[in-house]
Amino acid sequence: MGIESSCDECAASVVEDGQRILSNVVATQIPFHAVFQGVVPEIASRTHTQWIVGVVKNALSDAGLRPDEVDAVAATAHPGLLGSLLVALNFGKSYAWSLNLPFIAVDHMLAHLYAPQLQEPLAYPFLGLLVSGGHTIICRVDNFDDITVLGTTIDDAVGEAFDKVSKYYGFGYPGGAYIDRLAAKGNSDAFRFPLPNLYKGEHRYDVSYSGLKTAVINQLDQFRNPQERDPPKSEDVAAAFQKTAVEILLRSLFRAVEDTGLKTIVAGGGVAANSYLRSRLAERRDLVCHFPPLELCGDNGAMVAGIAYRYLIRGDRSPLDVTASARVKAFKRRYP
Ligand code: KG4
Ligand code: ZN
């Protein structure tokens, strides 16, 4: 049983042998946060508290199991919104304690990276591309729990840039899927947005999104100006922004490919659903790219249960005083 409540999805799933998904319940709070154009942490944790029992019960009944018929219980411990994380973590610990089952606390980013392995087992090492609303990580992956961060964002996460641009233009919340859909009908050459001037020295594989975000938001005056004879179209803004956002990511990723010689890329996190990112990577015939299925890109319990199985068979257990933390785990970092 994997339980996840790190942000605004309340999710639980039963997975067999780290691979076969027996149930996957994801209750999204998006409508509650959409009116605020962003996640309101207090609403998120209160709603998780109300929903968690029902979500876990549904995951069990969909799998046709009684609570004591699972072999272990896992929950996300970090990173995320603290008040949200604590709900699944404490619920999971209580569930495990009451039935004397092993408990396993998992890292949300490692769980995202595991999602493609719910389809097929993958051979290590490979390059990981972790792209979510809160994190952007390019890493070397040597095992399910052994990553070395090569590059990360020096400011905003890529998903955050999608969400902020969408918020300012009023495209919808959360922004990624709206921009992806709009961009499909737009001209990505209608604007030339700047690429960051990073990529030197220790920043060789890093990315930056605050400059792009500001440049796109600065177009708003023109966008909203009714005097403008030919005002920019939403589709074009979305397409040009998305093209640049993906280009920033791929520049760093392809540098890591060249330097490490690793030709397999495994993507995870909400932004891994992006159709333009997928098509750009598909163009690289020399690389093998694995993406999670769309329903496992965003937050879900299956990735939590899946990775937990790996810990379980290795004999790892988490103590019941394990606590949540908002920040990403201190992964190993390697500078070029
Ligand atoms: O992994 P996730 O569900 O939650 C976090 O761990 O943050 O990722 C959510 C992020 C949001 O920023 C959302 O806008 C983005 O994933 N996203 C997308 C797409 N679908 C979701 N970004 C770009 N294109 C998409 N199709
Ligand atoms: Zn996530």
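Quantities reported herein were computed from a predicted structural model and do not represent experimental measurements. (Residues numbered from 1 in each chain as written. Chains lettered and ligands numbered in written order. Predicted model: local features only at pLDDT ≥ 70, side-chain atom pairs only at ≥ 80, totals over all residues. Heavy atoms only, no water.)

### Looking at the pairing of strand E7 (residues 136-143)
It is a general feature of regular strands that their side chains alternate between the two faces of the sheet. Sheet topology note: the strand E6 (residues 126-131)/E7 ladder contains six bridges and is antiparallel. What sits directly across from Val-131, in E7, is Thr-136. With antiparallel pairing between neighbouring strands as the criterion, E6 and E7 make up a hairpin whose turn holds four residues. Here six bridges tie E7 to strand E8 (residues 146-152), and the two strands are oriented antiparallel to one another. Residue pairing in the sheet places Cys-139 in a bridge with Val-149 of E8. Hairpin connection from E7 to E8: two residues lie between these consecutive antiparallel strands. (Pairing = 2+ DSSP bridges. Helix = DSSP H or I, 4+ residues; strand = E, 2+ residues; numbered from the N terminus.)

### Overview of the coordination of the zinc ion (ligand 2)
Coordination of the zinc ion (ligand 2) by the protein comes from His-108 (NE2), His-112 (NE2) and Asp-299 (OD), over a distance range of 2.0 to 2.1 Å. Read from N- to C-terminus, the donor residues coordinating the zinc ion (ligand 2) fall into the pattern H-x3-H-x186-D. Placement of His-108 in helix H4 (residues 108-114) and of Asp-299 in the loop between strand E10 (288-290) and helix H11 (302-314) is noted, with a sequence separation of 191 residues between them. Across the pair, Asp-299 and His-108 agree in class, each one buried. (Donors = N, O, S within 2.8 Å, 3.2 Å for Na, K, Ca; no water. Buried < 20%, exposed > 50% of the residue type's maximum accessible area, 1.4 Å probe, protein only.)

### Structural notes on the packing of helix H6 (residues 175-183) against helix H9 (residues 234-260)
The interhelical angle for the contact between H6 and H9, taken along N-to-C directions, is 110°, at an axis separation of 7 Å. Relative to H9, the element H6 is oriented roughly perpendicular. On H9, the residues that touch Ile-179, Asp-180, Leu-182 and Ala-183 of H6 are Ser-234, Glu-235, Ala-238, Ala-239, Phe-241 and Gln-242. The residue makeup of the contact of H6 with H9, split by class, is six nonpolar, two polar and two charged. (Axes fitted to C-alpha atoms, helices over the stretch in contact; angles between N-to-C directions. Parallel < 35°, antiparallel > 145°, perpendicular 65-115°, else oblique. Contact = heavy atoms within 4.5 Å. Nonpolar A, V, L, I, M, F, W, Y, C, P; charged D, E, K, R; others polar.)

### Regarding the sheet that holds strand E4 (residues 73-78)
An order of E3-E2-E1-E4-E5 is seen for the five strands of this open sheet, with the pairing classed as mixed. Of all strands in the sheet, those with a lone pairing partner are strand E3 (20-28) and strand E5 (103-107), marking the two edges. Within the sheet, the average angular offset between the axes of one strand and its neighbour, ignoring direction, is 20°. As defined by bridge partners, strand E1 (residues 2-4) adjoins strand E2 (residues 9-16) across three bridges and the pair is classed as antiparallel. Looking across to E2, one finds that Glu-4 is bridged to Ala-11. The strands touched by helix H3 (residues 82-99) within the sheet are E1, E4 and E5, with E4 carrying the most contacts at an inclination of about 150°.

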